[in-house]
Amino acid sequence: MRFHFTMLRRASVILLTVCVGCSAQAPASGGAPSKESPASSSASSPSSPAPTGDLARQIERQVRSHYSLPPDVDLALGALRPSEFSNYDQFTITFISADKKQPYEFLLSRDHKTLLRFTKLDLSKDPYLETMKKIDVRGRPTRGNKDAKVVVIDYDDFECPFCSRMHATLFPAIFKEYGDRVLFIYKDFPLEEIHPWSVHAAIDANCLAAQSADAYWDYADYLHANQRTVSAKGRDGENAELDRLADLQGEAHKLDGSKLKACVKAQDDKAVRASMKEGDDLGLNATPALFVNGQKLDGAVPIEDVRATLDQALKDAGVAPPEHKPANADAKAPATSSK
């Protein structure tokens, strides 16, 4: 998983009280202990120096403790700036890991006793619509009604067992139940750090998608239902097996074999990397991650949760949800999809 500071996504405003006299810890930014009195922390100028010395250490201890930050995450404190709230200055704390820098806004009281997590929400914009605008679906294979008013986007990893569970929930159960009311689109978010063949699978799937959406979905169905079969080939055989399966799909769908083989051999990962970057920008750190008209569902949630989210999205769009089977009928459904 990509652990990108999900601990900061708990609430829009979180109150922290800075405890004076905490034990020493390496400062987040250099400099001698500040001799400024609290009253001299100025917001009258466009900006003031970043907190240093004892204050910086107090802030870092509180933030590390509250968000349970691992030791390999560093904190960088930015300059103090005037805020729109009286008696508070605004500043940025940047969380720094080996592969990511993520800034977060905080408010610091001018008496240096209170720290607030600052999140400003713009009520003039629809947050779900704004999220959908950030997702590029151009050229992606789709499943369902292209004119549907509800769109489900799934950031997927072909080697992820939880993605397999979600895929089995969506296809065939949800897909059949919702009919032409919903459009499904998959985006690539392979967790290559823990899933060694996931990027290769995404590339091969995209090679199929370049010629046939049906070939892409058949490949996706098979891989999600047969992850262990691919993994059983071992590190030396996994990619060859993926290529073989892609070739079989190409033959089944009567694709241009030479074009498909060239694409598979090239293993051009630019599109996959772009999708991964997009997921990172959306704050994703695990798969599966679904967006239903912009509303996020994390993980392989129960089918009831998927239904509830889809039904609400349909109602918001002015479309009547389907009638649902009794809950005990789902228990008889197979746990995984099959070909």
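Up top is the structure these notes are about.
In this text the structure is predicted, and so the values were computed from the model without any measurement.

**Focus: the sheet that holds strand β10 (residues 289–292)**
Strand order in the open sheet formed by 5 strands is β7-β9-β8-β10-β11, with mixed pairing between adjacent strands. Of all the strands in the sheet, the pair left with one neighbour each is β7 (142–144) and β11 (295–298). Strand-to-strand, the axes of this sheet are offset by a mean angle of 20°, without reference to chain direction. Contacting β8 (150–156) and β9 (182–188), helix α9 (residues 270–281) crosses the sheet at an angle of about 105° to β9.

**A word on the environment of Phe184**
Mapped onto the secondary structure, Phe184 falls in strand β9. C-alpha separation for the pair Phe184 and Val292, spaced 108 residues apart in sequence, amounts to 9.4 Å. Excluding residues within four positions of it along the chain, Phe184 makes contact with Pro141, Thr142, Arg143, Val152, Leu170, Phe171, Ile174, Phe175 and Trp217.

**Comments concerning the packing of aromatic side chains**
Any pair of aromatic rings gets described here by the distance separating the centres and the angle formed by the planes. Enumeration over the complete set of coordinates arrives at 13 aromatic pairs. A centroid spacing of 5.8 Å and a plane angle of 80° characterise the contact between Phe85 and Phe118, whose relative ring orientation is edge-to-face. Separated by 33 residues along the polypeptide, Phe85 in the loop between β3 (81–82) and β4 (88–96) and Phe118 in the loop between β6 (114–117) and α2 (127–133) bring together distant segments of the chain. Taking the relative accessible area as the measure of exposure, Phe118 reaches 12% and is therefore buried. Through successive ring pairs, a cluster of aromatic residues spans Phe171, Phe175, Phe184, Tyr186, Tyr216 and Trp217. Sitting over the face of the ring of Phe171, Arg143 holds its NZ or CZ atom 4.5 Å from the ring centroid.

**As for the nonpolar core**
Looking at soluble globular proteins, one finds that nonpolar side chains tend to be buried together. Ranked by size, the top nonpolar core spans 44 residues in total, and within it Phe158, Leu170, Ile174, Tyr219, Leu223, Val306 and Leu310 carry the most contacts. It is helix α4 (residues 198–209) that provides the largest number of residues to this core, a total of 8 residues. Beyond its immediate sequence surroundings of up to four residues, Leu310 is in contact with Val150, Val152, Ile174, Tyr178, Val182 and Val292. Among the nonpolar cores identified, the runner-up in size contains 17 residues, and Val73, Tyr104, Leu108 and Leu115 belong to it.

**So, the environment of Gln90**
Within the element layout of this structure, Gln90 appears in strand β4. For the pair Gln90 and Leu107, spaced 17 residues apart in sequence, the C-alpha to C-alpha distance is 4.5 Å. Beyond its immediate stretch of four places on either side in the chain, Gln90 contacts Ala79, Leu80, Arg81, Pro82, Ser83, Glu105, Phe106, Leu107 and Phe118. A distance of 2.9 Å separates the side chain of Gln90 from the side chain of Glu105, its partner in a polar contact.

Conventions adopted
- Residues numbered from 1 in each chain as written.
- Predicted model: local features only at pLDDT ≥ 70, side-chain atom pairs only at ≥ 80, totals over all residues.
- Heavy atoms only, no water.
- Pairing = 2+ DSSP bridges.
- Helix = DSSP H or I, 4+ residues; strand = E, 2+ residues; numbered from the N terminus.
- Axes fitted to C-alpha atoms, helices over the stretch in contact; angles between N-to-C directions.
- Contact = heavy atoms within 4.5 Å.
- Phe/Tyr/Trp six-rings, centres within 6.5 Å; stacked < 30°, edge-to-face > 60°.
- Buried < 20%, exposed > 50% of the residue type's maximum accessible area, 1.4 Å probe, protein only.
- Lys NZ or Arg CZ within 6 Å of the ring centre and 35° of its normal.
- Core = buried A, V, L, I, M, F, W, Y, C linked by side-chain atoms within 4.5 Å.
- Polar contact = N/O pair within 3.5 Å; in protein donor to acceptor, adjacent residues only side chain to side chain.

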